[in-house]
Amino acid sequence: MSEQTADHAHGEGRGRPKTRIGIVTSNKMQKTVVVTVRRRAAHGQYGKIQTLRVKYKAHAEDHDYPKKISINEGDKVLIAETRPMSKDKRWRVAKVLEKAAKA
């Protein structure tokens, strides 16, 4: 019986981190990109479908803005929830899904 209570006290697992798919809107910081995630949802009272937008700052380890740009604006990326990296950064870039079309 003590084994069961000990397992629950430590927390058997943290579960899966939340993930979002969005477009990079800014890459002008070192190791950080701003990702805009859009979703469609019905208004709570009126039911009208609306497009909601949220901006997340995400950590990109291999992105160093002036020297080595690995993620460009317009890229489609998958971001995953992570521990707080700074005041605003709670997400990290898990992978780049599509590169932006170069003009």
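Everything here concerns the structure above.
The structure presented is a predicted model; accordingly, all values stated were derived computationally and were not measured.

(A) Inspection of the overall build of the protein at higher detail. Secondary structure summary: the protein contains one helix and five strands in total. Sequence-ordered secondary structure for the protein, helices as α and strands as β, is α-β-β-β-β-β. For the protein, buried positions account for 24% of its 103 residues. For the protein, the share of sequence-separated contacts (at least 6 apart) that also reach a separation of at least 24 residues comes to 50%. Put simply, the protein shows about 8000 Å² of open surface, and 48% of that area lies on carbon and sulfur atoms.

(B) Spotlight on the nonpolar core. Membership of the largest hydrophobic core is limited to twelve residues, which are V24, V33, V35, V37, Y56, A58, A60, I71, V77, I79, W91 and V93. With three residues, strand β2 (residues 32–42) is the single largest residue contributor to this core. Those residues in contact with I79 that sit more than four places away from it in its chain are K18, T19, R20, V35, Y56, A58, W91, R92, V93 and A94.

(C) Representation of the pairing of strand β4 (residues 76–81). Across five bridges, the pairing between strand β1 (residues 19–29) and β4 is antiparallel. Following the sheet pairing, G22 is matched in β4 by V77. Where β4 lies against strand β5 (residues 91–98), six bridges are found, and the strand directions are antiparallel. Looking at the pairing, E81 lines up with W91 of β5.

(D) Inspection of the sheet that holds β4 at higher detail. Taken together, five strands build a closed barrel; the order of strands is β1-β2-β3-β5-β4 and the barrel is mixed. Adjacent strand axes in the sheet meet at a mean angle of 45° when their direction is disregarded. The sheet contact formed by β2 and strand β3 (residues 49–59) spans eleven bridges and is antiparallel. Paired with V35 across the two strands is Y56, which belongs to β3.

(E) Structural context of the pairing of β2. Strand direction decides the pairing type here: β1 and β2, joined by four bridges, are antiparallel. The residue of β2 that forms the bridge with V24 is V35. Taken together, β1 and the strand that follows it, β2, pair antiparallel across an intervening segment of two residues, in which K31 is found at a positive phi of about 60°. Taking the residues that link successive antiparallel strands as the turn, the β2-β3 hairpin has six residues, and the phi of G47 there is positive, at about 80°.

What counts and how
Residues numbered from 1 in each chain as written. Predicted model: local features only at pLDDT ≥ 70, side-chain atom pairs only at ≥ 80, totals over all residues. Heavy atoms only, no water. Helix = DSSP H or I, 4+ residues; strand = E, 2+ residues; numbered from the N terminus. Buried < 20%, exposed > 50% of the residue type's maximum accessible area, 1.4 Å probe, protein only. Contact = heavy atoms within 4.5 Å. Areas by Shrake-Rupley, 256 points an atom, 1.4 Å probe, with all protein chains shown as cover. Core = buried A, V, L, I, M, F, W, Y, C linked by side-chain atoms within 4.5 Å. Pairing = 2+ DSSP bridges. Axes fitted to C-alpha atoms, helices over the stretch in contact; angles between N-to-C directions.

Function cannot be read off these values alone, since they describe shape.
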